[in-house]
Amino acid sequence: MALLEVDNLDVRFPLRHGEIQAVRDLSFTLERGERLGIVGESGAGKSVLGFSLVNLLAAPGRIIGGSIRFEGRELIGLPEHRWRHLRGRRIAMIFQDPRATLNPVLTIGAQMIETVRAHRRLGGRSARAMVLRTLEQVRIDDPESRLAQYPHELSGGLCQRVVIAIALLLDPDIIVADEPTTSLDVTIQADIVNLLLTLCQQRSISLILISHDLGVVNQLTHRLMIMYAGAIVEQGPTRQLLNDPQHPYTQALINALPEMTPPRQPLQQLPGAMPSLSAVPTGCAFHPRCPYRLDALGQPRQVCIDTPPDFTDVADTQVACHVVRELIATTQDSMPFDEETT
Ligand code: SF4
């Protein structure tokens, strides 16, 4: 049994007219100690998925279908008092903006000690010792003096280290990290990435890393899911997926990286924009932007417009694309019969 199993998850935000389909029929698993990246452009539904996993979905968002099981137990529908026990202790979340995560009117020490004592039966002195040990583990110099400081007295990088320390305090099984380096200076992003990697490895923590940065997920994760318009379009081992992308959207994301562009050439931007999640295109949601939506005669592929593609296995990756499915079927049809059938 996987540590976390998500099946056919559907998350919607009702509107006065219609609804936002933020997460559509999404399934994946996460093993103990595994690090999974979730990548896509802004508006793909990545953060909504992250918030759904820790039951922090903002109103009026609702999970309207599917299942989220942690160690085999269903989490959807769990009452909030059970979630308070689970969140932080078993599944922790690191948010994008560390300053918004920390309470501005409490010192670092007060909020960390409060977190420990809300979940563990520890006296003030033991809780303080635990906090100091954790601050040392996230490589914060002079942790004693940091305890008396307020968030506004710390740099962005230090604030994010404190947030990571809070996530680690209760020794969780899973950390969901939503763009943990986006709001930081480029110079300290690499430090935070290395810190997360080391801590997850040392403690066998499973990581779900939500990011738009393919470089960061390449460094940190074993497996990768590419999201488009609320759904997964491709998933598989990170290296394989980045070295040999199959889905036209994954290919476009990789081609748009600056390092893929020859010197003095313009960046290969993907034309168009992510569709509104309140008006997801029919069939394959990527079809209005897809370079393969036309056939060899220049005619639109009707199947791309009408029918959502199922997943096709290509080596160890799963790809939701009609053209990839046709190519694989053609290749298999043209293969010689194996010995048993001849
Ligand atoms: Fe493009 Fe069609 Fe594949 Fe969608 S299913 S990615 S539109 S070729």
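So, how was this worked out
- Residues numbered from 1 in each chain as written.
- Predicted model: local features only at pLDDT ≥ 70, side-chain atom pairs only at ≥ 80, totals over all residues.
- Heavy atoms only, no water.
- Helix = DSSP H or I, 4+ residues; strand = E, 2+ residues; numbered from the N terminus.
- Rg over C-alpha atoms; globule rule 2.2 N^0.38 Å.
- Buried < 20%, exposed > 50% of the residue type's maximum accessible area, 1.4 Å probe, protein only.
- Contact = heavy atoms within 4.5 Å.
- Areas by Shrake-Rupley, 256 points an atom, 1.4 Å probe, with all protein chains shown as cover.
- Near = heavy atom within 4 Å.
- Nonpolar A, V, L, I, M, F, W, Y, C, P; charged D, E, K, R; others polar.
- Phe/Tyr/Trp six-rings, centres within 6.5 Å; stacked < 30°, edge-to-face > 60°.
- Axes fitted to C-alpha atoms, helices over the stretch in contact; angles between N-to-C directions.
- Left-handed = near helix turned anticlockwise from the far one by under 90°.
- Parallel < 35°, antiparallel > 145°, perpendicular 65-115°, else oblique.
- Pairing = 2+ DSSP bridges.
- UniProt positions renumbered as here; feature names shortened; annotations may be inferred.
- Lys, Arg positive; Asp, Glu negative; His and termini not counted.
- Salt bridge = Lys/Arg side-chain N within 4 Å of Asp/Glu carboxyl O.
- Polar contact = N/O pair within 3.5 Å; in protein donor to acceptor, adjacent residues only side chain to side chain.
- Core = buried A, V, L, I, M, F, W, Y, C linked by side-chain atoms within 4.5 Å.

Participant: It is not clear to me how the overall build of the chain should be interpreted in this structure. Could you clarify?
Facilitator: Counting its secondary structure elements, the chain contains 13 helices and 12 strands. Taken over C-alpha atoms, the radius of gyration comes to 22 Å for the chain, in line with the 20 Å a tight globule of 342 residues would show. Overall, the chain is about 75 × 55 × 50 Å in size when its C-alpha atoms are taken along their principal axes. Buried positions account for 47% of the 342 residues belonging to the chain. A separation threshold of at least 6 residues defines the contact pool for the chain, and within that pool the share at least 24 residues apart is 65%. About 17,100 Å² of surface is accessible on the chain, with carbon and sulfur atoms providing 51% of the total.

Participant: What should I look at first to understand the site of the ligand in this one?
Facilitator: Within the structure, the ligand sits among His247, Pro248, Cys284, Phe286, His287, Cys290, Tyr292, Cys304, Cys321, His322 and Val323. Taken together, the residues of the shell around the ligand sort by class into eight nonpolar, three polar and no charged.

Participant: I keep staring at the packing of aromatic side chains and nothing clicks. Help me out?
Facilitator: Note on aromatic pairs: each is described by the distance of the centres and the angle between the planes. As enumerated under the stated definition, the model contains four aromatic pairs in all. Both rings, one in Tyr228 and one in Phe286, keep their centres 5.1 Å apart while their planes meet at 80°; by these two values the pair is edge-to-face. Of this pair, Tyr228 sits in strand 9 (residues 223-228) while Phe286 sits in the loop between helix 11 (248-255) and helix 12 (302-306); the two residues are 58 residues apart in sequence, bridging distant segments of the chain. The two residues Tyr228 and Phe286 agree in class, both being buried. Three or more aromatic residues joined by ring pairs form one cluster here, namely Tyr228, Tyr249 and Phe286.

Participant: Mind showing me how you'd approach the packing of helix 4 (residues 108-119) against helix 5 (residues 124-137) here?
Facilitator: Each pair of packed helices gets described by two things: the angle between the helix axes and the distance between those axes. Interaxial distance between helix 4 and helix 5 falls to 9 Å at its minimum, and their mutual angle equals 115°. For the crossing formed where helix 4 meets helix 5, the hand is right-handed. Residues Met112, Ile113, Val116 and Arg117 of helix 4 pack against Gly124, Ala127, Arg128, Met130, Val131 and Leu135 of helix 5. Taken together, the residues that form the contact of helix 4 with helix 5 break down as seven nonpolar, one polar and two charged.

Participant: Looking at this model, I keep getting lost on the packing of helix 7 (residues 156-169) against helix 8 (residues 186-203). Mind explaining?
Facilitator: With their axes 11 Å apart at the nearest point, helix 7 and helix 8 run at an angle of 15° to one another. Of the possible angle classes, the one that applies to helix 7 and helix 8 is roughly parallel. By crossing handedness, the relation of helix 7 to helix 8 is classed as right-handed. Residues Gly157, Gln160, Arg161, Ile164 and Leu168 of helix 7 lie in contact with helix 8, whose contacting residues are Ile188, Asp191, Ile192, Leu195, Leu196, Leu199 and Arg203. Residues belonging to the contact of helix 7 with helix 8 are distributed by class as follows: seven nonpolar, two polar and three charged.

Participant: What exactly am I supposed to notice about the sheet that holds strand 2 (residues 19-30) here?
Facilitator: Sheet strands associate in pairs through backbone hydrogen bonding, adopting either a parallel or an antiparallel arrangement. With antiparallel pairing, the four strands of this open sheet are ordered in space as 2-1-4-5. Two strands lie at the open edges of the sheet, namely strand 2 and strand 5 (73-74), each paired on one side alone. Relative to strand 2, strand 1 (residues 4-14) runs antiparallel, the two being bridged by eight bridges. Opposite Pro14, over in strand 2, you have Glu19 as the bridge partner.

Participant: Would you mind going over the UniProt feature "domain: ABC transporter" (unreviewed entry) in the chain with me for this structure?
Facilitator: Taking the numbering used here, the UniProt-annotated feature "domain: ABC transporter" (unreviewed entry) corresponds to residues 4-254. Within the segment residues 4-254, helix and strand shares are 41% and 27% respectively, and the terminal C-alpha atoms sit 28 Å apart.

Participant: I would appreciate a short explanation of the side chain of Glu234 in the present structure.
Facilitator: Residue placement: Glu234 occurs in strand 10 (residues 231-237). Lacking a salt bridge, the buried Glu234 has Arg223 as its closest oppositely charged neighbour, with an N-O distance of 12 Å. For Glu234, the side chain forms a polar contact with the side chain of Thr250, separated by 2.7 Å. Here Glu234 is in contact with Leu224, Met225, Ile226, Leu241, Pro245, Gln246, His247, Thr250, Thr317, Gln318 and Val319, once residues within four sequence places are set aside.

Participant: Looking at this structure, I do not really get the sheet that holds strand 12 (residues 317-320). What am I missing?
Facilitator: Spatial strand order, 6-7-8-3-9-10-12-11: eight strands in an open sheet with mixed pairing. Pairing within the sheet leaves two strands with one partner each, and these edge strands are strand 6 (91-94) and strand 11 (311-314). On average, each strand axis in the sheet is tilted by 20° relative to the strand beside it, whichever way the strands run. Inspection of the sheet shows strand 7 (residues 174-178) paired to strand 8 (residues 206-211) by five bridges, in the parallel sense. For Val176, the partnering residue across the bridge sits in strand 8 and is Ile208. Against the sheet, helix 1 (residues 46-53) engages strand 3 (35-39), strand 6, strand 7, strand 8 and strand 9, with an angle of about 150° to strand 8. Helix-sheet contacts for helix 11 involve strand 3, strand 9 and strand 10, and the interaxial angle to strand 9 is about 100°.

Participant: Explanation requested: the nonpolar core in the structure shown.
Facilitator: Generally speaking, soluble globular proteins have nonpolar side chains that are buried together. If you look at the biggest cluster of nonpolar residues, it comprises 96 residues, and the most contacted ones within it are Leu4, Phe28 and Leu49. Counting residues per element, this core draws most heavily on helix 7, at nine residues.

Participant: How should I be thinking about unusual backbone geometry in this particular structure?
Facilitator: With glycine set apart, most residues show a phi of negative sign, and most peptide bonds adopt trans. With an omega of 5°, the peptide bond between Ala59 and Pro60 qualifies as cis. Located in the positive-phi region is Glu71, a residue other than glycine, with phi close to 50°.

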